[in-house]
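Report on the structure
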Amino acid sequence: MPKVKTSRVNYPEGWELIEPTLRELQAKMREAENDPHDGKRKCEALWPIFKIAHQKSRYIFDLYHRRKEISKELYEFCLDQGYADKNLIAKWKKPGYERLCCLRCIQPRDHNYATTCVCRVPKHLREEEVIECVHCGCRGCASGD
């Protein structure tokens, strides 16, 4: 008779410290996904989802890299389980990308003339005062701002 596989996850030490915040952000994400988008443009309906995904990733990144409050084991567990965006955090570690809002803003194939998003332009070089990224609603994530 074959063994029965269970889906029980062993949480690393320190999980109980970050779990309430992650659960709260997951509840906000569920609410944003189910929120009606009547009267909004197609891209505007996704902006709250991008914002909450950014918050979750930034929360885990700050706890491990800036404040040093969680262990490497817990950090890697969060990345493996999908609580944070592994690729976005990898970009935040590189100079010039410390305030990056989402990965779509640096992909040239998603923009006209194969450049990056308008939110990546520093404020002192912008022609317009108020701008919003079409992809995620960011108003500026250049490192020099």
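Our subject in this report is the structure included herewith. Quantities reported herein were computed from a predicted structural model and do not represent experimental measurements.

Cut-offs and rules
Residues numbered from 1 in each chain as written. Predicted model: local features only at pLDDT ≥ 70, side-chain atom pairs only at ≥ 80, totals over all residues. Heavy atoms only, no water. Helix = DSSP H or I, 4+ residues; strand = E, 2+ residues; numbered from the N terminus. Buried < 20%, exposed > 50% of the residue type's maximum accessible area, 1.4 Å probe, protein only. Contact = heavy atoms within 4.5 Å. Areas by Shrake-Rupley, 256 points an atom, 1.4 Å probe, with all protein chains shown as cover. Lys, Arg positive; Asp, Glu negative; His and termini not counted. Charge placed at Lys NZ, Arg CZ, Asp CG, Glu CD. 1 Å grid on protein atoms, 1.4 Å probe; cavity = no way out; pocket = protein on both sides within 12 Å on 5 of 7 lines; lining within 4 Å. Points joined across faces, edges and corners; volume = space filled by probe spheres on them. Nonpolar A, V, L, I, M, F, W, Y, C, P; charged D, E, K, R; others polar.

Helix and strand counts for the protein chain stand at four helices and zero strands. Reading the helices (α) and strands (β) of the protein chain from amino to carboxyl end gives α-α-α-α. Considering the protein chain as a whole, with its 145 residues, one finds that 34% of them fall into the buried category. Restricting to contacts in the protein chain with at least 6 residues of sequence separation, those with at least 24 account for 48%. Summed over all atoms, the accessible surface of the protein chain reaches about 10,200 Å², with 50% contributed by carbon and sulfur. Taken as two groups, the 27 positive and 22 negative side-chain charges of the protein chain have centres that lie 4 Å from each other.

Of the volumes computed, that of the largest pocket is approximately 280 Å³. Taken together, Trp47, Pro48, Phe50, Lys51, His54, Gln55, Arg99, Cys101, Cys136, Gly137 and Cys138 form the lining of the largest pocket. The class makeup of the residues in the lining of the largest pocket is six nonpolar, three polar and two charged. Counted as a void, the second largest pocket has a volume near 180 Å³. Forming the boundary of the second largest pocket are Asp110, His111, Asn112, Tyr113, Thr115, Thr116, Cys117, Val118, Glu132, Val134 and His135.

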